[in-house]
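These are the residues of each chain, in order.
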Amino acid sequence: MEKILVLDFGGQYNQLIARRVRDNNVYAEILPYTVPLSEIKEGNYKGIIFTGGPNSVFDMSSPHYTKEILELGIPVLGICYGCQLISWMVGGNVETAEQSEYGKIDLTVTKKQSEIFADVDESSVVWMSHTDRVKTMPAGFEITAKTEACPIAAYENEEKKIYGVQFHPEVTHTQFGFKILRNFLYNVCGCHGDWKMDSFIDDTVKSLREKIGDKKVILGLSGGVDSSVAAGLLSRAVGKQLTCVFVDQGLMRKDEGDFVEKTFTSLFDMNFVRVNCQDHFINALKGVSDPEQKRKIIGTEFYKVFWDEIRKQADKGFFAQGTIYPDCIESGKGDADKIKTHHNKVKMPDDVEFIDIIEPLSSLFKDEVRAVGEKLGIPHELVWRQPFPGPGLGVRIIGEITKEKIEILQNADWVLRDEMAKNGYEKNLAQFFCVLPGVNTVGVMGDHRTYDNLVAIRAVTTDDFMTADWAKIPYDILAKVSNRITNEVKHVNRVVYDITSKPPGTVEWE
Ligand code: XMP
C-alpha cells in the first residue's frame with residue numbers, strides 16, 4: 001500500500017492533514033518529529049509532509065529535523081512552519097514579519113506550470129496563520145506563489161521534488177487546498193490512490209483470519225460506534241469464533257440495549273452475550289448522590305460484571321477492542337506518555353489471560369470507522385450514534401439514581417429523540433439529550449395542582465467537545481418537544497432548555 005508520512009512539528013492541524021490525504025485515497029500516518037531517520041527510511045513512504053507548528057525555526061529549542069531527510073529522494077511538502085523549516089534547512093532566510101498574516105488571504109500563483117498548482121486558478125483564496133515568513137531561498141529553489149504581505153508564499157525545487165507552502169491547504173477555507181494536496185500526492189509523489197474502505201475491509205478480514213486461525217476472540221461491545229464496527233469486522237472475518245459481551249447496566253437510552261442486541265444477533269454471525277444487570281447497579285448505587293462517587297461505583301461494578309462474564313468463557317483466545325487511530329497517535333507536542341496510558345486503557349484482571357490483543361480499527365480516523373461500518377451493513381443509527389458517556393444516564397440523573405427516575409428520563413429523552421428525528425434537526429447537533437435534575441416544581445394539570453419533575457433539554461454544537469455552544473434550536477421545535485414531554489411522560493410537569501455554553505458549563509450535567 002502507498003503511504004505518506006505526516007511528520008508532526010506540533011501544529012494544530014496535523015490530524016486534519018492526514019485525513020485530507022486519506023480523503024484523496026492515499027494512506028497517511030502521523031509520526032512525531034522525534035522519530036529517527038532510519039525508521040522513516042524503512043517506512044517506504046511515497047512522500048513526506050512537514051506540518052505546521054507554533055514555533056520559530058531560528059529558536060534552537062524549536063522542533064527541527066536532520067537535513068538528510070531532504071536527500072532521501074522522497075518528495076517533501078512543507079506546510080506553514082514546515083515550509084519555513086525546509087527553507088532554514090537548505091540555507092534560505094526566514095524572518096519575523098512586522099505584521100502577522102491571519103485568515104483568508106488572496107494568493108497569486110507566479111509559476112503556473114508548477115506541478116502542485118496544476119488546475120489551480122492564478123488568483124485564489126488561501127488560509128494563512130503565521131508571523132514568520134521565508135525571506136529568501138537559495139539557488140535551485142523557485143518562488144511559485146505570493147501574497148501581498150508574503151512575497152514567498154510558495155516555493156519549489158522541482159528537480160529534488162521539495163515544495164513549501166506558507167498557507168494551509170488542508171483547511172477548507174483554502175479554495176484549492178484539496179486540489180493542491182492532490183497534485184502533490186498524484187503529480188509529485190506518483191501515488192495511484194489505493195486507500196479505499198472496500199480494500200481496507202478485505203485486507204483486514206484476511207489478516208484477521210490469518211492471525212486468529214481457529215482460535216476464539218472476545219470483544220466487549222458497548223453499543224458505541226467503535227466497538228460496533230470492530231464487532232462487524234471480526235464477525236465477517238471469523239463468524240462464530242467471535243463472542244461479543246454486552247453489559248447492559250440499565251443506564252442506556254430507552255430501547256437501546258434491545259436495539260444493539262437485535263442488530264448484532266440478526267445481522268451478524270457471532271455469539272452474542274447480553275448481561276442484563278440493572279438491578280445490580282441500582283443496588284450498588286442506592287443512597288449515593290455524589291457525582292464522583294456514582295461514576296466510581298458504575299465503573300467498578302461494570303468492570304466486575306464484565307470480567308466475571310469473560311471468566312465464564314471457557315476458551316478465551318484473543319481479546320479485541322475498538323481502539324481508533326487518534327487514540328494511538330503520538331504527536332509532535334511531546335504527549336507520548338499520555339498516549340501510552342490511553343492506549344493501554346483496558347486493565348485486565350491478573351487471572352484472565354489472552355493470546356494477544358487485537359485492535360482492527362487502530363489505523364482509522366472516526367469518519368473512516370463510520371464509512372467501514374456503513375459498508376459492513378451496520379445500521380445508520382448505530383454508525384452515526386452521538387457520543388454517550390460510559391456511565392450512561394447515571395451522569396444525567398442528578399442525585400440518587402432509582403429505577404423510577406431512569407424510566408422518567410428514558411421516556412422524556414425518547415420523545416426528544418423522536419421529535420428531532422422526525423423534523424430532521426438532529427443533523428445540526430453534535431449531541432442532544434434530556435437531563436433529570438431531581439427537582440420538583442409546582443404545576444397545574446386540569447383542575448389539579450401538581451408537584452412533579454423538571455426535565456432539562458441539553459443540545460450542543462461543537463467540533464471537538466472541548467468547547468461547545470448551546471444549540472439555537474428554533475422555538476417551534478422546542479415548543480413541540482416541551483408539549484409532548486409534559487403530555488406523554490408521566491411525572492414531568494415542566495421542561496427547561498439549557499442555554500449554557502462550554503465553558504463555563506460542561507456538556508453533561510453530572
Ligand atoms: P463534558 O461533560 O465533559 O463532556 O463537557 C464532553 C463529552 O464527553 C462525554 N462524556 C463522557 N464520555 N465517558 C465517556 O465515554 C464519560 O465518563 C464521559 N463523561 C462525559 C460527553 O457526553 C460529551 O460528549
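Refer to the structure printed above.
What you are looking at is a predicted structure, and each value in this text was computed from that prediction instead of being measured. (Residues numbered from 1 in each chain as written. Predicted model: local features only at pLDDT ≥ 70, side-chain atom pairs only at ≥ 80, totals over all residues. Heavy atoms only, no water.)

Asks: I would appreciate a short explanation of the overall build of the chain in the present structure.
Replies: Looking only at helices and strands, the chain features 15 helices and 19 strands. Seen along its three principal axes, the alpha-carbon backbone of the chain occupies a region of about 85 × 60 × 40 Å. Looking at the chain residue by residue over its 510 residues, the buried ones come to 54%. Restricting to contacts in the chain with at least 6 residues of sequence separation, those with at least 24 account for 74%. Approximately 23,500 Å² of the chain is accessible, and the part contributed by carbon and sulfur atoms is 48%. (Helix = DSSP H or I, 4+ residues; strand = E, 2+ residues; numbered from the N terminus. Buried < 20%, exposed > 50% of the residue type's maximum accessible area, 1.4 Å probe, protein only. Contact = heavy atoms within 4.5 Å. Areas by Shrake-Rupley, 256 points an atom, 1.4 Å probe, with all protein chains shown as cover.)

Asks: Explanation requested: the site of the ligand in the structure shown.
Replies: By nearness alone, every residue bordering the ligand is listed as Arg 295, Pro 387, Pro 389, Gly 390, Pro 391, Gln 431, Phe 465, Lys 502, Thr 506, Val 507 and Glu 508. Contact distances for the ligand include 2.5 Å between an oxygen atom and a side-chain N or O atom of Arg 295. Note that a nitrogen atom of the ligand is positioned 3.1 Å from one of the backbone N or O atoms of Gly 390. Here the ligand has 500 Å² of accessible area as a free molecule, and 69% of this is covered by the chains. Split into classes, the residues belonging to the shell around the ligand amount to five nonpolar, three polar and three charged. (Near = heavy atom within 4 Å. Polar contact = N/O pair within 3.5 Å; in protein donor to acceptor, adjacent residues only side chain to side chain. Nonpolar A, V, L, I, M, F, W, Y, C, P; charged D, E, K, R; others polar.)

Asks: Would you mind showing me how to read the sheet that holds strand E4 (residues 76–79) here?
Replies: Two modes of strand pairing occur in sheets, parallel and antiparallel, and in both the strands are linked by backbone hydrogen bonds. Across the sheet, nine strands lie side by side as E2-E1-E3-E4-E9-E8-E7-E5-E6; this open sheet has mixed pairing. Every other strand in the sheet has two partners, leaving strand E2 (27–32) and strand E6 (123–136) as the edge strands with one partner each. Averaged over all neighbouring strand pairs, the angle between strand axes comes to 20 degrees, with direction disregarded. Direction of pairing for strand E1 (residues 3–8) relative to E2: parallel, over a ladder of six bridges. Pairing of Lys 3 across the sheet is with Tyr 27, part of E2. Most of the contacts of helix H1 (residues 14–23) go to E2, to which it runs at about 160 degrees, and overall it touches E1, E2, strand E3 (47–50) and E4. (Pairing = 2+ DSSP bridges. Axes fitted to C-alpha atoms, helices over the stretch in contact; angles between N-to-C directions.)

Asks: Looking at this structure, how should I read the sheet that holds strand E12 (residues 271–276)?
Replies: What the five strands build is an open sheet, ordered E12-E11-E10-E13-E14; its pairing is parallel. The sheet terminates laterally at E12 and strand E14 (357–358), the two strands that pair on one side only. Bridge count for strand E10 (residues 217–220) against strand E11 (residues 242–248) is four bridges, and the pairing is parallel. Pairing of Ile 218 across the sheet is with Thr 243, part of E11. Across the sheet, helix H6 (residues 225–238) is in contact with E10, E11 and strand E13 (318–320); its angle to E10 comes to roughly 160 degrees. Packing of helix H9 (residues 291–312) onto the sheet brings it into contact with E10, E11, E12 and E13, and relative to E11 it is tilted by some 150 degrees.

Asks: Looking at this structure, I do not really get the side chain of Asn 183. What am I missing?
Replies: Tracing the backbone through its elements, the reader meets Asn 183 in helix H4 (residues 177–188). Residue Asn 183 is classed as buried on the basis of its relative accessible area of 3%. Polar contacts involving the side chain of Asn 183 include one to the main-chain carbonyl oxygen of Ala 118, which spans 2.9 Å.

Asks: I'm lost on the environment of Ile 86 in this one. Help?
Replies: Tracing the sequence through the fold places Ile 86 in helix H3 (residues 81–89). Distance in space between the C-alpha atoms of Ile 86 and Val 171 is 21 Å, their sequence separation being 85 residues. In this view, Ile 86 contacts Phe 50, Leu 70, Val 76, Leu 77, Gly 78, Tyr 155, Ile 162 and Tyr 163; residues no more than four positions away in its chain are not counted.

Asks: I keep staring at helix H5 (residues 197–212) and nothing clicks. Help me out?
Replies: Counting along an α-helix, one turn takes 3.6 residues, and residues three or four places apart therefore face a common direction. With 16 residues, H5 should reach 22 Å at 1.5 Å per residue; the first-to-last C-alpha distance of 22 Å fits that figure. Of the residues making up H5, those classed as buried are Met 197, Phe 200, Ile 201, Thr 204, Val 205, Leu 208 and Ile 212. Down the axis, H5 shows its buried residues gathered within 125 degrees of arc, on one side only. In H5, the exposed positions that point more than 90 degrees away from the buried face belong to Asp 202, Asp 203, Lys 206 and Glu 210. Packed against the buried residues of H5 are E10, H6, E13, E14 and helix H12 (366–375). Downstream of H5 by a residue or two, Gly 213 has a phi angle that is positive, lying close to 55 degrees. (Expected span 1.5 Å × (residues − 1). Arc of directions from axis to C-beta.)

Asks: In this structure, what is going on with unusual backbone geometry? I would like to understand it.
Replies: Across the chain, the bulk of peptide bonds are trans and the bulk of non-glycine residues have phi less than zero. Omega for the peptide link from Lys 502 to Pro 503 comes to -15 degrees, which places this bond in the cis form. Mapped onto the elements of the fold, Pro 503 is located in the segment after strand E19 (492–497). Residue Pro 503 is joined to Pro 504 through a cis peptide bond whose omega torsion reads 5 degrees. Counting through the fold element by element, Pro 504 comes out in the segment after E19. Although it is not a glycine, Phe 465 sits at a positive phi angle of roughly 70 degrees. Examined against the element boundaries, Phe 465 turns out to sit in the loop between strand E17 (448–461) and strand E18 (469–470). For Phe 465, a relative accessible area of 27% translates into the label partly exposed.

Asks: What should I look at first to understand the nonpolar core in this one?
Replies: The tendency in soluble globular proteins is for nonpolar side chains to be buried as a group. Ile 310, Met 420, Leu 429, Cys 434, Ile 457, Ile 473 and Ile 485 are the most contacted members of the largest nonpolar core, which totals 48 residues. With seven residues, helix H14 (residues 403–423) is the single largest residue contributor to this core. Non-local contacts of Ile 457, meaning those with residues more than four positions away in its chain, are made with Leu 416, Phe 433, Cys 434, Leu 478, Val 481, Val 495, Val 496, Tyr 497 and Asp 498. Of all hydrophobic cores here, the second largest spans 40 residues; its members include Ala 231, Phe 246, Met 270 and Leu 382. (Core = buried A, V, L, I, M, F, W, Y, C linked by side-chain atoms within 4.5 Å.)

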